[in-house]
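# Notes for the structure review
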Amino acid sequence: MAYNSCQLQESIESYSAELMRVTGSLMAIIARNLGVDLPSDTYVSQALRMTYYPACPVAHDKVLGISPHSDISMLTLVWELNMVGGLQIKRQDAWVPVKPHPKALVVNVGDFLEIMTNGKYQSIEHRVTVNPHKERMSISAFHLPKFDMSVGPLSEIVGAELKKYKTLRVDEVAKVVFSSKLDGKKTKDYAMLRI
Ligand SMILES: O=C(O)CCC(=O)C(=O)O
Ligand SMILES: [Fe+2]
């Protein structure tokens with residue numbers, strides 16, 4: 001089906017709004033799980049990234065589509081658009097493939113949710129491999145606290161525990177993360193989020 005730019009804009013806008021709504025529901029479930037109030041919609045901003053991975057017949061076993069990293073977000077919702085696999089998550093030092101499902105989005109816990117929950121929810125390290133024969137397309141929707149906010153472990157979650165992370169301004173962390181090479185969860189250490 002061919003779209004004109006106006007229709008495309010409308011469908012991106014409605015997709016974006018729907019994902020904000022889904023993220024709000026997921027955050028509400030997480031909050032209920034933790035027995036706390038998590039910040040509401042007004043607190044969350046969203047960034048969409050569409051990624052195209054060309055087929056790589058020659059060097060597919062030597063290169064990666066995206067290097068290992070964890071997302072800076074609270075929650076990232078990934079749509080594996082054309083159902084081609086490649087996304088892998090790190091579990092117990094092994095890379096585990098995430099099989100695309102036509103009716104499902106992948107939900108990744110990001111660094112800011114780890115920080116806010118003082119490590120109760122841990123961000124997931126992931127990477128994307130390339131396919132020798134098939135191109136791959138994905139849309140990642142990153143949901144972050146607004147850029148002018150400071151975020152740290154929420155006191156009602158920390159309780160009597162020690163705080164494991166500093167409280168930092170979101171825009172300062174984003175500047176460091178977006179200007180450095182993706183490199184596992186080291187980006188987070190580099191951004192000095194861990195005390
Ligand atoms: O393409 C994917 O499945 C994931 C992309 C990703 O990790 C990202 O955009 O941060
Ligand atoms: Fe990612």
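For the structure given in this document, a descriptive report is provided here. (Residues numbered from 1 in each chain as written. Chains lettered and ligands numbered in written order. Predicted model: local features only at pLDDT ≥ 70, side-chain atom pairs only at ≥ 80, totals over all residues. Heavy atoms only, no water.)

Here we take up the environment of Gly35. By the secondary structure assignment, Gly35 is in the loop between α1 (5-34) and β1 (44-53). Overall, the relative accessible area of 64% leaves Gly35 in the exposed class. (Helix = DSSP H or I, 4+ residues; strand = E, 2+ residues; numbered from the N terminus. Buried < 20%, exposed > 50% of the residue type's maximum accessible area, 1.4 Å probe, protein only.)

What follows covers a nonpolar patch on the surface. A grouping of Tyr3, Leu8, Ile12, Leu48 and Met50 is seen on the molecular surface, where their side chains present a nonpolar patch of about 460 Å² in accessible area. Taken together, the elements giving at least two residues each to the nonpolar patch come down to α1 and β1. Relative to the assigned elements, Met50 resides in strand β1. Here Met50 falls in the exposed class, since its relative accessible area comes to 53%. (Patch = residues over 30% accessible without salt bridge, like charges linked within 9 Å, V, L, I, M, F, W, Y side chains within 5 Å. Areas by Shrake-Rupley, 256 points an atom, 1.4 Å probe, with all protein chains shown as cover. Salt bridge = Lys/Arg side-chain N within 4 Å of Asp/Glu carboxyl O.)

Within the open sheet, the 4 strands sit side by side as β2-β7-β4-β5. Their pairing is antiparallel. If you trace the sheet from one side to the other, it starts and ends with β2 (64-69) and β5 (94-97), each paired once. Neighbour-to-neighbour, the strand axes of the sheet open up by a mean angle of 30 degrees, direction not taken into account. Looking at chain direction, strand β4 (residues 87-91) and β5 are connected through 4 bridges and run antiparallel. (Pairing = 2+ DSSP bridges. Axes fitted to C-alpha atoms, helices over the stretch in contact; angles between N-to-C directions.)

Those donors, His69 (NE2), Asp71 (OD) and His126 (NE2), are the protein atoms that reach the iron ion (ligand 2), and they lie 2.1 to 2.2 Å from it. On the primary sequence, the residues serving as donors to the iron ion (ligand 2) are separated as H-x1-D-x54-H. Of this pair, Asp71 sits in the loop between β2 and β3 (75-80) while His126 sits in strand β7 (residues 126-129), placing them 55 residues apart in sequence. For the pair shown, Asp71 and His126 are each scored as buried. (Donors = N, O, S within 2.8 Å, 3.2 Å for Na, K, Ca; no water.)

So, on to the side chain of His69. Its location among the elements puts His69 in strand β2. Take His69: its relative accessible area is 5%, and that puts it in the buried class. In this structure the side chain of His69 is engaged in a polar contact, spanning 3.1 Å, whose partner is the side chain of Asp71. (Polar contact = N/O pair within 3.5 Å; in protein donor to acceptor, adjacent residues only side chain to side chain.)

All right, on to helix α4 (residues 170-178) then. In an α-helix, one turn spans 3.6 residues, which is why side chains three or four residues apart end up on the same side. Among the residues of α4, those classed as buried are Val170, Val173, Ala174 and Val177. Viewed end-on, α4 has its buried residues packed into an arc of 100 degrees, placing them on one side of the element. (Arc of directions from axis to C-beta.)

Right, let's talk about the site of ligand 1 for a bit. Around ligand 1 sit 13 residues in total, of which Arg49, Tyr53, Arg136, Ser138 and Ser140 are the nearest. A distance of 3.0 Å separates an oxygen atom of ligand 1 from a polar atom in the side chain of His126. The separation between an oxygen atom of ligand 1 and a polar side-chain atom of Ser140 is 2.9 Å. In isolation ligand 1 exposes 290 Å². Once the protein is present, 99% of that is buried. Of all elements in the fold, only β1, β2, β7 and β8 (136-145) reach the threshold of two or more residues within the shell around ligand 1. With 4 residues, the single largest contributor to the shell around ligand 1 is β8. Within the shell around ligand 1, the residues separate by chemical class into 6 nonpolar, 4 polar and 3 charged. (Near = heavy atom within 4 Å. Nonpolar A, V, L, I, M, F, W, Y, C, P; charged D, E, K, R; others polar.)

Let us now look at empty space enclosed by the protein. Applying the stated criterion across every chain, the model contains 1 cavity of 30 Å³ or more. Approximately 120 Å³ is the volume found for the largest cavity. Ile66, Val78, His126, Val128 and Ser140 are, among the 16 residues lining the largest cavity, the residues nearest its centre. Of all the secondary-structure elements, those providing two or more residues to the lining of the largest cavity are β1, β2, β3, β7 and β8. Examining the composition of the lining of the largest cavity, we find that 4 residues originate from one element, β8, more than from any other. When the residues that make up the lining of the largest cavity are grouped by side-chain class, the tally is 6 nonpolar, 7 polar and 3 charged. (1 Å grid on protein atoms, 1.4 Å probe; cavity = no way out; pocket = protein on both sides within 12 Å on 5 of 7 lines; lining within 4 Å. Points joined across faces, edges and corners; volume = space filled by probe spheres on them.)

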